[in-house]
Amino acid sequence: MGNYQRVMVIGAGQMGSGIVQVAAQAGCEVVMQDIKEEYTERGKRTIEASLQRFVKKGQLSEEETAVIMGRVTTTTDINQAKSAQIVIEAATEQLAIKKEIFMKLDQIAPKETVLATNTSSLPVTELAAVTNRPEQVIGMHFMNPVPMMKLVEVIRALQTSDETFNGVMKFAEQLGKKPVAVQDFPGFISNRILMPMINEAVYCLYEGVAEPEAIDEIMKLGMNHPMGPLQLADFIGLDTCLYIMEVLYDGFGDSKYRPCPLLRKYVTAGWLGKKSGRGFYVYA
């Protein structure tokens, strides 16, 4: 187990295209699926641009880039899952959408195929439960940007078998990543620790303790973080940060995970960070 050569990725966004890229670079044949051709085409362009950055650094040749792109096929047809050994879902971070995808994949994919989700905080156990192969469902939480970041949180659902778990740990290594095992609890480890820190930084701003630049500077210079928490929130997307805080708050029912009212206010205003041109900072 773990030597998966035929990979399918559901979702051609930032995370999906990054996962496709690392799988293709590792020598896998990869199918990238999304609901519209414009999305898969955009995903393909993202991969090409990313590979060109490696070429510029002298880490890849143009020939190698062409070979890597030759391993990538795009489609809008989810039925292509019928030839995959592992399917990695990287669709919108909404439980209802993911459940629907997992039910479909369960019907289409061969019975030995592993179904993985790239969710950053949603319950893998609940996704496993909607399939007839819960022991073959697992979380593979890649970090953004996928081609650069080494970590993959491998999340065991309550039902995940040892065989599936060991296979996916091996597969993550095959992709050149460092897999770290985590049990299925809200936010896993990465977001359970990161998001309350971001939320606390927003509270500091909300209560007038300091300006955004000062809060970020203190965390960068004092804690050696490469980026301050408010700038990081802008890069992640404030809507995503709020959503994950809500998952933590609902999942644990503990007031320490309560989203800061200022975070909610910014999201309501459409100030979502870098992608909308304004968050805690203004982007040109």
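Residues numbered from 1 in each chain as written. Predicted model: local features only at pLDDT ≥ 70, side-chain atom pairs only at ≥ 80, totals over all residues. Heavy atoms only, no water.

Student: Tell me about the pattern of salt bridges, and please be specific about residues and values.
Tutor: Pairing between side chains of opposite charge can happen when the charged atoms of each approach one another. Enumeration according to the criterion identifies nine salt bridges in this entry. For Arg156, the salt bridge goes to Asp162, with nearest N and O atoms at 2.7 Å. Assessed through its relative accessible area of 18%, Arg156 is described here as buried. Where Glu246 meets Arg264, a salt bridge forms, and the shortest distance between an N and an O atom there is 2.7 Å. One end of the pair, Glu246, is in helix H10 (residues 238-252); the other, Arg264, is in helix H11 (residues 261-269), and 18 residues separate them in sequence. On the accessibility criterion, Glu246 (25% relative accessible area) is partly exposed. A network of salt bridges, in which partner residues are shared, links Glu89, Glu93 and Lys98. (Salt bridge = Lys/Arg side-chain N within 4 Å of Asp/Glu carboxyl O. Buried < 20%, exposed > 50% of the residue type's maximum accessible area, 1.4 Å probe, protein only. Helix = DSSP H or I, 4+ residues; strand = E, 2+ residues; numbered from the N terminus.)

Student: Describe the packing of aromatic side chains, and please don't skip the residues or the numbers.
Tutor: Under the definition given, this model contains six aromatic pairs. Ring geometry for Phe235 versus Tyr283: centroids 6.4 Å apart, planes at 85°, classification edge-to-face. Within this pair, whereas Phe235 is found in helix H9 (residues 229-236), its partner Tyr283 is found in the segment after H11, the two being separated by 48 residues in sequence. The exposure class assigned to Tyr283 is buried, which follows from its relative accessible area of 19%. Among the aromatic residues, those joined into a ring-pair cluster are Tyr266, Trp271 and Phe280. Note that Lys57 overlies the ring of Phe54, its terminal NZ or CZ placed 5.8 Å from the centroid. The side chain of Arg156 reaches across the aromatic face of Phe165, ending 4.6 Å from its centre. (Phe/Tyr/Trp six-rings, centres within 6.5 Å; stacked < 30°, edge-to-face > 60°. Lys NZ or Arg CZ within 6 Å of the ring centre and 35° of its normal.)

Student: I'd love a proper account of the UniProt feature "domain: 3-hydroxyacyl-CoA dehydrogenase C-terminal" (unreviewed entry) in the protein, names of residues and values included.
Tutor: UniProt marks residues 187-283 with the feature "domain: 3-hydroxyacyl-CoA dehydrogenase C-terminal" (unreviewed entry), using the numbering shown here. Spanning residues 187-283, this segment combines 63% helix with 0% strand, and its end C-alpha atoms are found 29 Å apart. (UniProt positions renumbered as here; feature names shortened; annotations may be inferred.)

Student: Describe the nonpolar core, and please don't skip the residues or the numbers.
Tutor: Judged by nonpolar contacts, the single largest core of 37 residues is most densely connected at Ile86, Met140, Phe142 and Phe171. If one sorts the elements of this core by residue count, helix H1 (residues 14-25) sits on top with six residues. One finds Val202, Leu262, Tyr266 and Tyr283 within the second-largest nonpolar core, a separate group that totals 24 residues. (Core = buried A, V, L, I, M, F, W, Y, C linked by side-chain atoms within 4.5 Å.)

Student: Any chance you could break down the UniProt feature "site: Important for catalytic activity" (unreviewed entry) in the protein for me, citing the residues and the numbers?
Tutor: UniProt tags His141 as "site: Important for catalytic activity" (unreviewed entry). Looking at where His141 falls in the secondary structure, it is placed in strand E6 (residues 137-142). With a relative accessible area of 6%, His141 lands in the buried category. Sequence-distant contacts of His141, defined by excluding residues within four places in its chain, comprise Thr117, Asn118, Thr119, Ser120, Leu151, Val152, Glu153, Ile155, Phe188, Ser190 and Asn191. (Contact = heavy atoms within 4.5 Å.)

Student: Provide a residue-level description of the layout of surface pockets, including the pertinent values.
Tutor: Considering only enclosed or pocket space, the second largest pocket measures out at about 260 Å³ in volume. Lining the second largest pocket are 15 residues; nearest its centre among them are Ser50, Arg53, Pro145, Pro147 and Met148. Contributing elements (two or more residues each) for the lining of the second largest pocket: H1 and helix H2 (37-56). A per-element tally of the lining of the second largest pocket places H2 first, with five residues. For the lining of the second largest pocket, a count of residues per class yields six nonpolar, seven polar and two charged. (1 Å grid on protein atoms, 1.4 Å probe; cavity = no way out; pocket = protein on both sides within 12 Å on 5 of 7 lines; lining within 4 Å. Points joined across faces, edges and corners; volume = space filled by probe spheres on them. Nonpolar A, V, L, I, M, F, W, Y, C, P; charged D, E, K, R; others polar.)

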